[in-house]
Amino acid sequence: MIRPQFTALAAIALLLAGCDKETTLHSSLEERQANLVMAALIDAGIGCHKSPGEEGTWNVSVVESRFAEAVNLLERRGLPRNPHQGIGEVFKKTGMISSPSEERIRFMDALAQDLAKTISAIDGVVDARVHIVLPENDPFARHALPSSAAVAIRSRWDADITDAIPSIKGLVKNSIEGLTAEKIMVTVFRDSPPRR
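### Points about the pattern of salt bridges
Right, on to step 1. For the coordinates displayed, the defined rule picks out nine salt bridges.
Right, on to step 2. As a salt-bridge pair, arginine 129 and aspartate 127 come within 3.3 Å of each other at their nearest N and O atoms.
Right, on to step 3. Residue classification places arginine 129 among the partly exposed residues on the basis of a relative accessible area of 35%.
Right, on to step 4. Salt bridges sharing partners connect three or more residues here, namely Glu75, Arg154 and Asp191.

### Notes on the pairing of strand E3 (residues 58–63)
Right, on to step 1. Bridging between strand E1 (residues 22–29) and E3 involves five bridges; their strand directions are antiparallel. When the sheet's bridge partners are listed, histidine 26 is paired in E3 with valine 60.
Right, on to step 2. The pairing of strand E2 (residues 48–52) with E3 spans five bridges and is classified as antiparallel. By the bridge assignment for E3, cysteine 48 is matched with valine 62.

### Points about the sheet that holds strand E5 (residues 148–155)
Right, on to step 1. Reading across the sheet, the three strands line up as E4-E5-E6 and stay open at both edges, with mixed pairing between neighbours. Either end of the sheet is taken by a strand with one partner, and the two such strands are strand E4 (125–133) and strand E6 (184–190). Averaged over all adjacent pairs, the angle separating strand axes in this sheet is 15 degrees, with direction ignored.
Right, on to step 2. As paired elements, E5 and E6 share seven bridges and run parallel to each other.

### With respect to helix H3 (residues 67–77)
Right, on to step 1. Considered for burial, the residues of H3 that qualify are Ala70, Leu73 and Leu74. Around the axis of H3, the buried residues are gathered within 95 degrees of arc, so they sit on the same side. Turned more than 90 degrees from where H3 packs its buried face, Ala68 and Glu75 sit exposed.
Right, on to step 2. On its buried face, H3 is in contact with E1, helix H2 (31–43) and E3.
Right, on to step 3. The positive-phi residue at the C-terminal boundary of H3 is glycine 78, with phi of around 70 degrees.

Each value, and the rule that gives it
Residues numbered from 1 in each chain as written. Predicted model: local features only at pLDDT ≥ 70, side-chain atom pairs only at ≥ 80, totals over all residues. Heavy atoms only, no water. Salt bridge = Lys/Arg side-chain N within 4 Å of Asp/Glu carboxyl O. Buried < 20%, exposed > 50% of the residue type's maximum accessible area, 1.4 Å probe, protein only. Pairing = 2+ DSSP bridges. Helix = DSSP H or I, 4+ residues; strand = E, 2+ residues; numbered from the N terminus. Axes fitted to C-alpha atoms, helices over the stretch in contact; angles between N-to-C directions. Arc of directions from axis to C-beta. Contact = heavy atoms within 4.5 Å.

Okay, structure coming up:
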């Protein structure tokens, strides 16, 4: 005959086992991104673990009861970071011949992606986007239209990157031929502080 106290202990054990159920938070991450996600979660006291995914990627799981907290934390931290394509990936050709306009557009996009990736690595920056305008000037025209660039930066709520703006402008200016500092606009959007 099973004693009532053993039945109660078995029920509590099953209940506790149900509370520890894990759910996938992010999947198919590069290892560096998975590690950054895990570091942020562990710093906040949220239990997590990493498991291999498909084709050399990684999955990160958390305890189901803290899933919402983990999602909100990672959203505030801008993790995992959005992947940026580099020049090599953007310039992949799908056909035999590309028009000069297609090549030009691919070049502008690749340049913008590379600059955004570099700016996103600055401390305090959660994400960055760069938009470039390279006018197709007539070499025989008297007045050439100038190149221009717009940089949108999302920063952490507790980071002040005002001092980095001149350096960011210099980086963009020196990466684009014919661009002057006056034709570069940098806008910073700071995240809201976390709710207590």
